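Topology and contacts: notes
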Amino acid sequence: MLEALGAYSVDSVEAADVVVFMTCCVREAADVRLYGQVASMKNIPLREGTPLSKRIVAVGGCIGQRDGQELVDKMPHLDVVFGTHNLASLPTLLTEAVQKGGHRVQVLESSTEFPTDLPTQREHEWAAWLPITIGCNNFCSYCIVPYVRGREKSRTIEDITEEAQRYVDAGVTEITLLGQNVNSYGRDLYGEPRFAQILKAVAGTGVKRLRFATSHPKDLSDEVIALFGELPCLMPALHLPVQSGSNRILKEMNRRYTREHYLELIRKVREVRPDIALSTDIIVGFPGETEEDFQQTYDLVKEVGYGQVFTFIYSKREGTPAAKMEDDTPREVIQERFDRLVELVQAQAYEQNQKDADATVEVLVEGTSKRDANLLVGKSPKNQTVHAPIPEGRTIDELAGTYVSVKVDTARTWYLSGTVVD
Ligand code: 5AD
Ligand code: SF4
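Presented here is a report on the structure given in the accompanying data block. (Residues numbered from 1 in each chain as written. Chains lettered and ligands numbered in written order. Predicted model: local features only at pLDDT ≥ 70, side-chain atom pairs only at ≥ 80, totals over all residues. Heavy atoms only, no water.)

**A look at the site of ligand 2**
Note the cut-off: Here a residue is considered near a molecule or strand provided that any single heavy atom belonging to it is located within 4 Å of it. As a working rule, the residues Ala, Val, Leu, Ile, Met, Phe, Trp, Tyr, Cys and Pro are called nonpolar, Asp, Glu, Lys and Arg charged, and the rest polar, with Gly in that last group.
All residues adjacent to ligand 2 are C136, N138, F139, C140, Y142, C143, V145, P146, Q180, H216 and R255. Considering only residue class, the shell around ligand 2 consists of seven nonpolar, three polar and one charged.

**Some words on the sheet that holds strand β1 (residues 18-23)**
As a reminder, the rule being used: Following DSSP output, two strands are said to pair if at least two bridges run between them. Where helices and strands are cited, they refer to DSSP runs of H or I of at least four residues and of E of at least two residues respectively, numbered from the N terminus. In this description, a line fitted to the C-alpha atoms serves as the axis of each element, helices being fitted only across the stretch in contact, and the angle between N-to-C directions of two axes falls anywhere from 0 to 180 degrees.
The four strands lie next to each other as β1-β2-β3-β4, forming an open sheet whose pairing is parallel. Two strands close off the open sheet at either side, each with one partner strand: β1 and β4 (104-106). Put simply, the sheet's adjacent strands are angled 10° from each other on average, direction ignored. In this structure, strand β3 (residues 80-82) lies alongside β4, joined through three bridges in parallel fashion.

**As for the site of ligand 1**
Under the convention used in this document: Throughout this description, a polar contact denotes any pair of N or O atoms lying within 3.5 Å of each other; where both atoms belong to protein, one of them has to be capable of donating a hydrogen while the other can accept it, and for residues adjacent in sequence the pair is counted only when both atoms sit in side chains. Here, Shrake-Rupley sampling with a 1.4 Å probe gives the accessible areas, and only protein chains in the shown set may cover a residue.
By nearness alone, every residue bordering ligand 1 is listed as V26, R27, Y142, Q243, D281, I283, F312, I313, Y314, S315 and R317. At 3.0 Å, a backbone N or O of Y142 approaches a nitrogen atom of ligand 1. A distance of 2.8 Å separates a nitrogen atom of ligand 1 from a polar atom in the backbone of S315. For ligand 1, whose free accessible area comes to 400 Å², the fraction covered by protein is 86%. Of all the secondary structure elements, the ones that give two or more residues to the shell around ligand 1 are β11 (277-284) and β12 (308-313). Here the shell around ligand 1 is built from residues that sort into six nonpolar, two polar and three charged.

**Quick look at the nonpolar core**
A general tendency of soluble globular proteins is for nonpolar side chains to be buried together. The test is simple: Residues grouped as a nonpolar core are buried Ala, Val, Leu, Ile, Met, Phe, Trp, Tyr and Cys residues, joined through side-chain atoms within 4.5 Å. Only protein chains enter the calculation, and the probe is 1.4 Å; a residue is then buried if its accessible area is under 20% of its type maximum, exposed if over 50%, and partly exposed in between. Whether two residues are in contact is decided by their heavy atoms: any pair within 4.5 Å suffices.
Residues I175, L177, F195, L199 and F212 are the most contacted members of the largest nonpolar core, which totals 57 residues. Looking at which element gives the most residues to this core, the answer is helix α8 (residues 195-203), with six residues. Non-local contacts of F212, meaning those with residues more than four positions away in its chain, are made with T176, L177, V182, F195, L199, V224, F228, L234 and L238.

**Digging into the packing of helix α11 (residues 259-272) against helix α12 (residues 291-304)**
Selection criterion: We call two directions roughly parallel when the angle between them is under 35 degrees, roughly antiparallel when it is over 145, roughly perpendicular when it lies between 65 and 115, and oblique otherwise.
Taken N-terminus to C-terminus, the directions of α11 and α12 make an angle of 10°; their axes are 11 Å apart at the nearest point. In terms of their interaxial angle, α11 and α12 are classed as roughly parallel. Packed against α11, whose contacting residues are R259, Y262, L263, I266 and R270, the element α12 presents Q296, D299, L300, E303 and V304 at the interface. Class assignment for the residues of the contact of α11 with α12 results in five nonpolar, one polar and four charged.

**Observations regarding the sheet that holds strand β15 (residues 385-389)**
Taken in spatial order, the five strands close into a barrel running β13-β14-β15-β17-β16, and their pairing is mixed. Averaged over all neighbouring strand pairs, the angle between strand axes comes to 50°, with direction disregarded. Sheet topology note: the strand β14 (residues 375-379)/β15 ladder contains five bridges and is antiparallel. The residue bridging L375 from the neighbouring strand is P389, located in β15.

**Considering the side chain of T176**
Within the secondary structure, T176 is located in strand β8 (residues 174-178). Residues in contact with T176, not counting those within four places in the same chain, are A128, W129, L130, R211 and F212.

**What about the pattern of salt bridges?**
Close approach of charged atoms lets side chains of opposite charge pair. Defined as follows: What makes a salt bridge here is a side-chain nitrogen of Lys or Arg within 4 Å of a carboxyl oxygen of Asp or Glu, nothing more.
On inspection of all chains with the given rule, the structure shows 25 salt bridges. Notably, a salt bridge pairs E163 with R155, separated by 2.6 Å at the nearest N-O pair. R155 matches E163 in its accessibility class, with the two residues each being buried. Between D356 and K382 there is a salt bridge, with its nearest N and O atoms 3.0 Å apart. Of this pair, D356 sits in the loop between α13 (331-354) and β13 (360-368) while K382 sits in the loop between β14 and β15, and the two are 26 residues apart along the sequence. Judged by relative accessible area, D356 falls into the buried class, the value being 9%.

**Details of unusual backbone geometry**
A cis amide bond links A213 with the next residue in sequence, T214, at an omega value of 0°. Tracing the backbone shows T214 in the loop between β9 (209-213) and α9 (222-230). A positive phi angle, near 50°, is found at F139, a position not held by glycine. Note that F139 resides in the loop between β6 (133-134) and α5 (145-149). Phi is positive for Q243, which is not a glycine, with a value near 70°. Its location among the elements puts Q243 in the loop between β10 (237-239) and α10 (247-252).

**As for the layout of surface pockets**
In this approach, a probe sized like a water molecule rolls over the atoms, and the result shows the empty space that is left. Put simply, the rule is: Method remark: on a 1 Å grid restricted to protein atoms, a set of points is classed as a cavity if a 1.4 Å probe fits but cannot get out and as a pocket if it is open with protein on both sides within 12 Å along at least five of seven lines; lining residues have an atom within 4 Å of a point. Grid points are joined across faces, edges and corners, and a volume is the space filled by probe spheres set on the points.
The calculated volume of the second largest pocket comes to roughly 320 Å³. Every residue along the wall of the second largest pocket is listed here: T368, S369, K370, R371, D372, L375, V377, T385, H387 and Y415. Put simply, the parts of the chain that give the lining of the second largest pocket at least two residues each are β14 and β15. Looking at the lining of the second largest pocket, its residues break down into three nonpolar, four polar and three charged.

**A word on the packing of α9 against α11**
The criterion, for reference: The crossing is said to be left-handed when, going from far helix to near helix, the turn is anticlockwise and less than a right angle, and right-handed when the turn is clockwise.
Running from N to C, α9 and α11 cross one another at 30°; their axes reach a closest spacing of 8 Å. As far as their axial angle goes, α11 and α9 are roughly parallel. Of the two elements, α9 crosses α11, and the hand of that crossing is right-handed. Every residue of α11 that contacts α9 at D222, I225, A226, F228 and G229 is listed here: L265, K268, V269 and V272. Of the residues that constitute the contact of α9 with α11, the class distribution is six nonpolar, one polar and two charged.

**Comments concerning the environment of E14**
Relative to the elements of secondary structure, E14 occurs in the segment before β1. On the accessibility criterion, E14 (47% relative accessible area) is partly exposed. Sequence separation between E14 and V345 is 331 residues, and the spatial gap between their C-alpha atoms is 40 Å. With near-sequence residues (within four places) excluded, E14 lies in contact with I44, P45, R47 and R55.

Structural data, given as structure tokens:
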């Protein structure tokens, strides 16, 4: 959209006439950073030769949606605020800000349509993210997402398949389907979830690697689980956020499944795909979480054996039900539990990678290592990072976006390394 206005990207704020912040408010840290960063824009001089009399600063996304006018009240040098439902208005808002000055704040309560017509630009020509739903209906008690992203909206199967086919025809070999809860895809359109149909339809485009995120355990169906054994393109990796291993806390979180249900899902998934790499999200320090509750989370992690766990300290989000819940657990106690969990997670990641310590894995090459330009870096089917020396006579430009076989010789906590054999 900005390119259509004649803009181009630069790699420093100093060189930019227009700065757009796309924001997240899922945890407080992102909030604090945004306010700090926008404030700092005031002190950075404009580049020489710019036609503008002032740098145009815009804030969009979830914080724009939540705070709207309040952002410009607090930071008068901010020019444009837009929300999650009107990204398409950004070019107009920026143009008006340049031509007429003043503040442009536009935040809509909801969107009527799925924003499918916006221009896109991909980071890699061989991989594409494909949103299939936006918004969320789940209202987990700690989470701000449903308030800032609105209700769940699905795109039609035809729309998604057509876009996927277009990507595949253009040379994309890896597609990742996206949504807050992909498993309930289609409920708003068809009266029932049709995620399994989407997986089959996108597999039908001939894409080599298919992935998806994120799954909600309450909606992950047997039909979808079975597809891990049926669709060769569906990669053996599943991100299934558990959040807590304590049934009492899961209930307080309004997650609508139990620890037992979750473990049963894991059992079923492994039955179909024994080698599947599992990852999850966990919140430590939810209001009222006791040592016993935490211990149940710890034990669950131990029992499952994850390749990767994203751990978060609970962050109070105003406006959510959990923000009103009492909590007298000292910060140090929460931090100590968090550290204990992180230690387990790292040990587990190392242990899981050992399973592939002498495997031969197919790697989609992405580029070179930041530390060593002679090393190629790519992703295995399980989404592990893999390093290998660039074979003699080959260059990274010709390898990027292609698949190579790597014979692994070393498995570390966060990556595998080996040599290209094919
Ligand atoms: N505090 C901490 N973590 C949170 N998440 C969502 N809301 C909060 C919160 N208030 C985490 C959940 C979710 C991930 C994307 O962010 O674990 O799965
Ligand atoms: Fe937030 Fe729960 Fe929706 Fe995920 S499923 S976005 S945690 S409300």
